[in-house]
Amino acid sequence: MDLFVLGGGGAGGPDGFADAVDHLEAVGVDSLWLPEMVYGPLVEPFIGMAHALSRTSRLKVGSGLSVLPGRHPVLVAKQLASLAGLAPARVLPVFGLRPARPAELAVFQVPPGRRGAVFDESLALLRLLLRQEGVSFQGEFFTVEDASVGPLPANPLDNRLGGSGPGALRRVGRLGDGWLASLLAPEEAAAGRLAIQEAADAAGREVEPDHFGLSLAVATDGIPAELIEAVHQRRPDADPARLVAANWGEARRLIEAHVAGGISKFVIRPAAAPVAIGQFIDDFARELLPLQN
């Protein structure tokens, strides 16, 4: 089991970002994960990854989740290849189908009704560009001839995917190298893992057993009312206490339940913002880092 910290709350904006990165490196946290928020204060994920990698020597940095449809996969491949060359083995991309905030869909434009198809083709081209010196590709949405993004990563980057609907789970099995889910109860995450493995088997692929992860929001003194309302909007029939940890003890209990279902990586993030991110990191290091192996 690996435990990570997601850059959110007071760490996500430009003012507190550098201090939070330094703090994470100092206490021995494995990874920083940067969410996509265009209409808001958070640092853009690829910019934040570059800055965090430049000021650390050990910390891994990932995007969680970056929207892929609406970005040109050649440019994304170039960004990732550059980051991987500058900071080998410390770049962890995760891609999603659509932004969490519906208003931001306009920023990631694709042909109407074709977002899933664009995602599949984008990911296929992205994988080729990060694994081959020269790529010629002709698809429905993208065509490139003898394209190269420069020196390739010494080890191919794993492209993890988000999503929990049936189509998203099949996509992870067919095209992804791992899964990062959110707002799932332990039994739901376990069922999602099995569905991904079945889809991978059907496609003649394998998703490595330790590449199944979950983003878990952790509160310090009960789940905030605004988060309960947000959960109810996304999951009207779900019990928020099964999806969000009300305190650090509940975080340990939920993590143990998820581990029993085959989830082995955890992105831990503050359940509310603003938050004293330095204190949250120290609490994380005290309460959860001992569980890491």
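Residues numbered from 1 in each chain as written. Predicted model: local features only at pLDDT ≥ 70, side-chain atom pairs only at ≥ 80, totals over all residues. Heavy atoms only, no water.

Peer 1: Which parts of the structure should I look at to understand the pattern of salt bridges?
Peer 2: Oppositely charged side chains can form a pair if their charged atoms are brought close together. Evaluation of the coordinates by the stated rule reveals 17 salt bridges. Note that Asp177 and Arg127 form a salt bridge whose closest N and O atoms lie 2.9 Å from each other. One end of the pair, Asp177, is in the loop between α5 (166-175) and β10 (178-182); the other, Arg127, is in helix α4 (residues 115-129), and 50 residues separate them in sequence. Residues Asp177 and Arg127 agree in their burial class; the two are buried. Asp177 serves as the salt-bridge partner of Arg131, at 3.8 Å between the closest nitrogen and oxygen. Taken together, the residues Arg131 in the loop between α4 and β7 (135-138) and Asp177 in the loop between α5 and β10 connect sequence positions 46 residues apart. Its relative accessible area of 31% is what places Arg131 among the partly exposed residues. (Salt bridge = Lys/Arg side-chain N within 4 Å of Asp/Glu carboxyl O. Helix = DSSP H or I, 4+ residues; strand = E, 2+ residues; numbered from the N terminus. Buried < 20%, exposed > 50% of the residue type's maximum accessible area, 1.4 Å probe, protein only.)

Peer 1: Help me out: how do you make sense of the pairing of strand β11 (residues 212-218) in this one?
Peer 2: On a regular strand, each side chain points to the face opposite its neighbour's, so the side chains alternate between the two faces of the sheet. Counting buried residues along β11, seven of its seven residues qualify, which places the element largely inside the surrounding structure. Of the two faces of β11, both are covered, the one formed by Phe212, Leu214, Leu216 and Val218 as well as the one formed by Gly213, Ser215 and Ala217. Where β10 meets β11, four bridges bridge the pair, whose relative direction is parallel. Opposite Ala181, over in β11, you have Leu214 as the bridge partner. Between β10 and its parallel partner β11, the chain crosses via helix α6 (residues 186-202), and the hand of that crossover is right-handed. When β11 meets strand β12 (residues 265-270), the two strands line up parallel, connected through six bridges. The residue of β12 that forms the bridge with Leu216 is Ile268. (Pairing = 2+ DSSP bridges. Right-handed = clockwise from strand over helix to strand, strands pointing away.)

Peer 1: What is the right way to read the packing of aromatic side chains from this model?
Peer 2: In this description, a pair of aromatic rings is defined by centroid distance and the angle of the planes. For the coordinates displayed, the defined rule picks out one aromatic pair. An angle of 45 degrees between the planes, with centres 5.1 Å apart, marks the rings of Trp248 and Phe280 as tilted. One end of the pair, Trp248, is in helix α8 (residues 248-260); the other, Phe280, is in helix α9 (residues 277-287), and 32 residues separate them in sequence. (Phe/Tyr/Trp six-rings, centres within 6.5 Å; stacked < 30°, edge-to-face > 60°.)

Peer 1: Explain the pairing of strand β8 (residues 143-147) here, please?
Peer 2: Where β7 and β8 come together, three bridges link them in antiparallel fashion. The residue of β8 that forms the bridge with Gln138 is Thr143. What sits between β7 and β8 in their antiparallel hairpin is a turn of four residues.

Peer 1: In this structure, what is going on with the nonpolar core? I would like to understand it.
Peer 2: Burial of nonpolar side chains together is a common tendency in soluble globular proteins. Grouped together as the largest cluster of nonpolar side chains are 67 residues, with contacts concentrated most on Leu32, Leu80, Phe95, Leu126, Trp179, Val218 and Ile268. The residues touching Val218, leaving out its near neighbours within four places in the chain, are Ala245, Asn247, Trp248, Ala251, Ile268, Arg269, Pro270, Ala271 and Phe280. Grouped together as the second largest cluster of nonpolar side chains are 12 residues, Leu183, Ala185, Ala219 and Ala246 included. (Core = buried A, V, L, I, M, F, W, Y, C linked by side-chain atoms within 4.5 Å. Contact = heavy atoms within 4.5 Å.)

Peer 1: Honestly, the environment of Val149 in this entry has me stumped. Any pointers?
Peer 2: Relative to the helices and strands, Val149 resides in the loop between β8 and β9 (160-161). A sequence separation of 72 residues divides Val149 from Ala77, and the C-alpha atoms of the two residues are 6.7 Å apart. Among all residues touching Val149, those that are not within four sequence positions of it are Val74, Ala77, Lys78, Ala81 and Leu129.

Peer 1: Would you take a moment to explain a negative patch on the surface for this structure?
Peer 2: Judged by side-chain charge, Glu198, Asp201, Glu206, Glu208 and Asp210 come together as a negatively charged surface patch. Summarising the element assignment, Asp201 is placed in helix α6. Judged by relative accessible area, which is 59%, Asp201 ranks as exposed. (Patch = residues over 30% accessible without salt bridge, like charges linked within 9 Å, V, L, I, M, F, W, Y side chains within 5 Å. Areas by Shrake-Rupley, 256 points an atom, 1.4 Å probe, with all protein chains shown as cover. Lys, Arg positive; Asp, Glu negative; His and termini not counted. Charge placed at Lys NZ, Arg CZ, Asp CG, Glu CD.)

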